[in-house]
Each structure stands twice: as structure tokens, then as C-alpha cells.
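Descriptive analysis of the structure
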Amino acid sequence: QVQLVESGGGLVQPGGSLRLSCAGSGFSFSSLRMSWYRQAPGKERELVAGITSAGGTTNYADSVKGRFTISRDNAENTVSLQMNSLKPEDTAVYYCYCNGWDGRRLYSNYWGQGTQVTVSS
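1. Quick look at the pairing of strand 8 (residues 78-83)
In this structure, strand 3 (residues 18-25) lies alongside strand 8, joined through 6 bridges in antiparallel fashion. Across the sheet, residue A23 finds its bridge partner in strand 8, namely T78. As paired elements, strand 7 (residues 68-73) and strand 8 share 6 bridges and run antiparallel to each other. Bridge pairing links D73 to T78 in strand 8. Between strand 7 and strand 8, which pair antiparallel and follow one another directly, the connecting turn spans 4 residues, one of which, N77, has a positive phi of 55 degrees.

2. Here we look at the side chain of S35
Locating S35 in the fold gives a position in strand 4 (residues 33-39). Overall, the relative accessible area of 3% leaves S35 in the buried class. Excluding its chain neighbours within four sequence positions, the residues that come into contact with S35 are L47, A49, G50, I70, Y95, C96 and Y97.

3. Examining the sheet that holds strand 3
Read across the sheet, 4 strands follow the order 1-3-8-7 without closing on themselves; strand pairing throughout is antiparallel. Single-partner strands in this sheet number two, and they are strand 1 (3-7) and strand 7. Direction aside, neighbouring strands of the sheet carry axes that sit 15 degrees apart on average. Sheet analysis places strand 1 next to strand 3, joined by 5 bridges and oriented antiparallel. Across the sheet, residue S7 finds its bridge partner in strand 3, namely S21.

4. Considerations on the environment of G114
Counting through the fold element by element, G114 comes out in the loop between strand 10 (106-111) and strand 11 (115-119). Remark: the alpha-carbon pair of G114 and A61, spanning 53 residues in sequence, is separated by 18 Å. Once residues within four sequence positions are removed from consideration, G114 is found in contact with E6, V93, Y94 and Y95.

5. Section: the packing of aromatic side chains
Counted according to the given criterion, the structure contains 6 aromatic pairs. An angle of 40 degrees between the planes, with centres 6.2 Å apart, marks the rings of F27 and F29 as tilted. Per residue, the accessibility class of F27 equals that of F29, and both read buried. Each ring, one from Y37 and one from Y97, has its centre 5.8 Å from the other, and the planes form 85 degrees; the classification is edge-to-face. In this pair, Y37 is assigned in strand 4 and Y97 in strand 9 (residues 92-101), connecting sequence segments 60 residues apart. When sorted by exposure, Y37 lands in the same class as Y97, which is buried. Members of the aromatic cluster, joined through ring pairs, are Y37, Y95, Y97 and W111. In this structure, R45 packs its charged tip against the face of W111, placed 4.6 Å from the ring centre.

Here is what the cut-offs are and how they apply
- Residues numbered from 1 in each chain as written.
- Predicted model: local features only at pLDDT ≥ 70, side-chain atom pairs only at ≥ 80, totals over all residues.
- Heavy atoms only, no water.
- Pairing = 2+ DSSP bridges.
- Helix = DSSP H or I, 4+ residues; strand = E, 2+ residues; numbered from the N terminus.
- Buried < 20%, exposed > 50% of the residue type's maximum accessible area, 1.4 Å probe, protein only.
- Contact = heavy atoms within 4.5 Å.
- Axes fitted to C-alpha atoms, helices over the stretch in contact; angles between N-to-C directions.
- Phe/Tyr/Trp six-rings, centres within 6.5 Å; stacked < 30°, edge-to-face > 60°.
- Lys NZ or Arg CZ within 6 Å of the ring centre and 35° of its normal.

Given below as C-alpha cells:
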């Protein structure tokens, strides 16, 4: 059974930090790209950060550059998102996503169920 389970969300004050984690099972974790997306109420889901299968390349949305860091531990089948200097506009449900790419098509693409992050005083 394929599973992608997020954890670490919660309520934090502006300027605070949270670390999100995503644990994968039931698939070849180390062969897939991992990403974090988020979706705020009334808005479209957006890419926050991505990391290649071996962790050699990362990318970030402009809105989080310098504040968020994505990392992965393939030995543990986990991907993390360290979020610092949080702002109210970071409030959203955060989703873990993985996918493969064979040059033509996506494959083995899975979504987690999401974890709520609320930044408020």
C-alpha cells in the first residue's frame, strides 16, 4: 500500500519556525522527485519547494526563498521542509508530493493528505 504521510504542522506565531516531515512507503522513494505544495483557502495549490531524487538540486517559490529549506533522507524515506521566519501569508495546508519522469510521462505520482500550518498571533 502506497503511503505518503505528512507531520509537523501546527499553530505558530509570526517569525516562528516549523519543520514539516513526510514519510513515504510502498514505493521506490529514492528514485522519485519530492515536492512540497501548499493551498490556502480560496487559492490554487502552489509549488513551494522541490528536490531531485538524490537531493542534488532544489528549487523554491520566490515567496519562500531564504526562509524555507527542503531536504531528503533517502535512507529513511523522508523529505522535510524547514520553515523559518514564518509569515501569516504562509498559512495553508501543506502537501507532500512525489513523482517520476521518464522523459515523456509522469509516473508513480502520489499525494499526501496534507498538514495544516497556521501562522497567527
